[in-house]
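Below, each chain spelled out in residue letters.
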Amino acid sequence: MDAIELLETDHRRLEDLLKKGEETTARAVKGRTELLDTLTIELNAHELIEEKILYPALKPHSEAKDIVLEGYQEHHVADVLVKELHGMARSDERWGPKLKVLKESIEHHIGEEEGDMFPTARSVMSRAELEELGARMEAMKADALRRRP
């Protein structure tokens, strides 16, 4: 799988988790906790491979630099929201709306990556480069998921 295909697969998984989270109610404390834990693990692994492998490979290309820099910032915003969600009671009336803001932020990020960054990556990198990046990303992600606490 090349780097873009791997990330698009991750995107579909994150979208699914966020949709499930948005459908929960304040009474679903256990479900919200499990969902948030899974979402955090998946999001952290996804951000790791983008920030350590894809973004550094793209940043030197002038046509990709701005979107890469924005991507780092969008990851930061998502991390702040996830941290705040972990710090709140799952039954808090603000939990659902905060998750919705996280969902909207991640959907925006996915849209920019798939609409701008990924086509740019395909135009400035060869198929072989994208496959090599994908192999490195798969290995790093598998390692990160194995090591999680």
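It should be emphasised that the depicted structure is a prediction, and the values quoted were computed from it without experimental measurement.

Trainee: Break down the pattern of salt bridges for me, with residues and values.
Mentor: The full count for this structure, using the stated rule, is 18 salt bridges. One salt bridge in this structure joins E131 and R127, with 3.1 Å as the shortest N-O distance. Of this pair, E131 and R127 are both found in helix 5 (residues 127-147), four residues apart, which corresponds to roughly one turn of the helix. Taking relative accessible area as the criterion, E131 reaches 39% and is therefore assigned partly exposed. For R127, a relative accessible area of 44% translates into the label partly exposed. Within the structure, one salt-bridge network assembled from shared partners comprises D2, E5, R122, R127 and E131.

Trainee: Can you explain the environment of H76? Please cite residues and give values.
Mentor: If you trace the backbone, H76 turns up in helix 3 (residues 62-86). Judged by relative accessible area, H76 falls into the partly exposed class, the value being 46%. In this structure the C-alpha to C-alpha distance between H76 and K103, which are 27 residues apart in sequence, comes to 14 Å.

Trainee: Account for the side chain of H11, naming residues and giving values.
Mentor: Tracing the backbone shows H11 in helix 1 (residues 3-22). According to the relative accessible area criterion, H11 is buried, its value standing at 1%. For H11, the side chain forms a polar contact with the side chain of H46, separated by 3.4 Å. When neighbours within four sequence positions are excluded, H11 is seen to be in contact with H46, E50, I110, E113, E114 and F118.

Trainee: So what about helix 5? Which residues, and what values?
Mentor: Between its first and last C-alpha, helix 5 extends 30 Å over 21 residues, near the 30 Å set by a 1.5 Å rise per residue. Inspection of helix 5 places L130, L133, G134, M137 and K141 among the buried residues, and these make up the whole buried set. Looking straight down helix 5, one finds its buried side chains confined to an arc of 105°; they lie on one side. Facing away from the buried surface of helix 5 by more than 90 degrees, the exposed residues are A128, R146 and R147. Structurally, helix 5 contributes buried residues whose contacts are with helix 1, helix 2 (29-58) and helix 4 (95-124).

Trainee: How would you explain the nonpolar core if you had to name every residue and give the values?
Mentor: Counting 19 residues, the largest nonpolar core has L54, L58, M117, L133 and M137 as its most contacted members. Taken together, the elements giving at least two residues each to this core come down to helix 1, helix 2, helix 3, helix 4 and helix 5. Excluding its chain neighbours within four sequence positions, the residues that come into contact with M117 are L54, Y55, L58, I67, V68 and E112. Of all hydrophobic cores here, the second largest spans 17 residues; its members include L17, L39, V82 and L85.

Trainee: Break down the environment of E104 for me, citing the residues and quoting the values.
Mentor: Mapped onto the fold, E104 is located in helix 4. Judged by relative accessible area, which is 42%, E104 ranks as partly exposed. Taking C-alpha positions, E104 is 29 Å from D143, a pair spaced 39 residues apart along the chain.

Trainee: Any details on helix 1? Residues and values, ideally.
Mentor: Between the first and last C-alpha of helix 1 there are 29 Å, a value that for 20 residues agrees with the 28 Å anticipated at 1.5 Å per step. Of all the residues in helix 1, the buried ones are A3, I4, L6, L7, D10, H11, L14, L17, L18 and G21. Burial along helix 1 is one-sided: seen end-on, the buried residues are contained in an arc of 150°. If you follow the buried residues of helix 1, they end up packed against helix 2, helix 4 and helix 5. Residue D2 occupies the N-cap position of helix 1, its side-chain oxygen lying 2.9 Å from the main-chain nitrogen of I4.

Reading the values: the criteria
Residue positions are given per chain, counted from 1 along the sequence in the order it is written. Only residues with pLDDT of at least 70 get local features here, since the model is predicted, and only at 80 or more are side-chain atom pairs given and counted; chain-wide, interface and lining totals rely on the full set of residues. Here the side-chain values reflect all heavy atoms present in the structure, with hydrogen atoms and water set aside. Basic side-chain nitrogens of Lys or Arg form a salt bridge, by our definition, when they fall within 4 Å of a carboxyl oxygen of Asp or Glu. Helix and strand definitions follow DSSP, with helices as H or I runs of at least four residues and strands as E runs of at least two, each counted in order from the N terminus. Burial classes: relative accessible area under 20% of the type maximum marks a residue as buried, over 50% as exposed, and values in between as partly exposed (1.4 Å probe, protein chains only). Side-chain atoms alone can form a polar contact between residues adjacent in sequence; in general such a contact is a pair of N or O atoms within 3.5 Å, and within protein one must be able to donate a hydrogen while the other accepts it. For this analysis, residues touch if any pair of their heavy atoms sits within 4.5 Å. Multiplying 1.5 Å by the residue count of a helix minus one yields the expected span of that helix. Directions pointing from the helix axis toward each C-beta atom define the arc. Residue types Ala, Val, Leu, Ile, Met, Phe, Trp, Tyr and Cys, when buried and joined through side-chain atoms within 4.5 Å, form a set referred to as a nonpolar core.

The values reported here are purely geometric and, on their own, carry no functional implication.
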